[in-house]
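Examining the three-dimensional arrangement
Listed below, chain by chain, are the residues.
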Amino acid sequence: MHELSVALSLIELAEAEAKQAGATHIESVRVRVGALSGVVPEALQFAFEAASEGTMLEGAKLEIEELPIRIFCPHCHAEREVPAGFILRCPVCNEFCGDIRQGKELELASLTLLTEERP
Ligand SMILES: [Zn+2]
């Protein structure tokens, strides 16, 4: 399952950042997932919940920001959004465009950290 390894590396990255910031727990994680990244948001959500058990992210909320595919059309000299599942053609002039500007993202966008004072 591809999403499980994605979830594990996100957790690892988030924990490293939280430790560096001196946080004790992570309240929420926001990730950007492009339509071409090959990650299914629902599957990632599920994998994250399972993989975060026993980590600083246990119970944390995973917010997934889905990014549509954007291509650059050399004919129109403009960036165009392409509906998912369509071949990469400019929706305006129907020209084939292989110049993908957005949609392959798979990245950590932000973290909400908690720092508890220890007595
Ligand atoms: Zn075009």
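About the thresholds
Residues numbered from 1 in each chain as written. Predicted model: local features only at pLDDT ≥ 70, side-chain atom pairs only at ≥ 80, totals over all residues. Heavy atoms only, no water. Axes fitted to C-alpha atoms, helices over the stretch in contact; angles between N-to-C directions. Helix = DSSP H or I, 4+ residues; strand = E, 2+ residues; numbered from the N terminus. Parallel < 35°, antiparallel > 145°, perpendicular 65-115°, else oblique. Left-handed = near helix turned anticlockwise from the far one by under 90°. Contact = heavy atoms within 4.5 Å. Nonpolar A, V, L, I, M, F, W, Y, C, P; charged D, E, K, R; others polar. Expected span 1.5 Å × (residues − 1). Buried < 20%, exposed > 50% of the residue type's maximum accessible area, 1.4 Å probe, protein only. Arc of directions from axis to C-beta. Polar contact = N/O pair within 3.5 Å; in protein donor to acceptor, adjacent residues only side chain to side chain. Core = buried A, V, L, I, M, F, W, Y, C linked by side-chain atoms within 4.5 Å. Domains from an automatic or database assignment. Buried area = accessible area lost by both parts, 1.4 Å probe. Salt bridge = Lys/Arg side-chain N within 4 Å of Asp/Glu carboxyl O.

Describing the packing of helix α1 (residues 2–20) against helix α2 (residues 41–51)
- Two elements in contact, α1 and α2, have axes whose closest approach is 8 Å; the angle formed by their N-to-C orientations is 55°. On the basis of the axis angle, α1 is oblique to α2. Where α1 crosses over α2, the two elements pack in a sense that is right-handed. Seen from α1, the contacting residues are Glu3, Leu4, Val6, Ala7, Leu8, Leu10 and Ile11; seen from α2, they are Ala43, Leu44, Ala47, Phe48 and Ala51.
- Residue composition of the contact of α1 with α2, grouped by class: 11 nonpolar, no polar and one charged.

Here's the deal with α1
- Compared with the 27 Å implied by 1.5 Å per residue over 19 residues, the 28 Å span of α1 between its first and last C-alpha is a close match.
- The complete set of buried residues in α1 reads Glu3, Val6, Ala7, Leu10, Ile11, Ala14, Glu15 and Ala18. End-on, the buried residues of α1 take up no more than an arc of 165°, which puts them together on one face. Structural note: α1 exposes Glu12, Lys19 and Gln20 on the side pointing more than 90 degrees away from its buried face.
- Packing partners of the buried residues in α1 comprise β1 (25–34), α2 and β6 (106–114).
- A positive backbone phi angle near 80° is found at glycine 22, which sits one or two residues after α1.

With respect to the environment of aspartate 99
- By secondary structure assignment, the location of aspartate 99 is in the loop between β4 (78–82) and β5 (100–102).
- By relative accessible area, which is 32% here, aspartate 99 ends up partly exposed.
- Taking the C-alpha atoms as reference, aspartate 99 lies 8.6 Å from proline 74; in sequence the two are 25 residues apart.
- If we skip the residues at most four places from it in the chain, aspartate 99 touches Arg70, Ile71 and Phe72.
- A distance of 2.9 Å separates polar atoms of two side chains, one belonging to aspartate 99 and the other to arginine 101.

Things to note about the nonpolar core
- The biggest cluster of nonpolar side chains holds 21 residues, and the ones touching the most others in it are Ile26, Val29, Val31, Leu44, Phe48 and Leu57.
- When residues of this core are assigned to their parent elements, the largest contribution, six residues, is made by α1.
- Once residues within four sequence positions are removed from consideration, valine 29 is found in contact with Phe48, Leu57, Lys61, Leu62, Glu63, Leu108, Ser110 and Leu111.
- Counting residues in hydrophobic clusters, the runner-up holds seven residues, among them Cys73, Leu88, Cys90 and Cys97.

Looking at the domain arrangement of the chain
- Domains assigned within the chain are domain 1 (1–68 + 103–119) and domain 2 (70–102).
- Between the C-alpha centres of domain 1 and domain 2 there is a distance of 30 Å.
- Each partner contributes to the interface: domain 1 provides six residues, whereas domain 2 provides five residues.
- Contact with domain 2 buries area across many residues of domain 1, yet Leu36, Pro68 and Gly103 alone supply 67% of it, more than any other trio.
- Seen at the junction of domain 1 and domain 2, the total is zero salt bridges.

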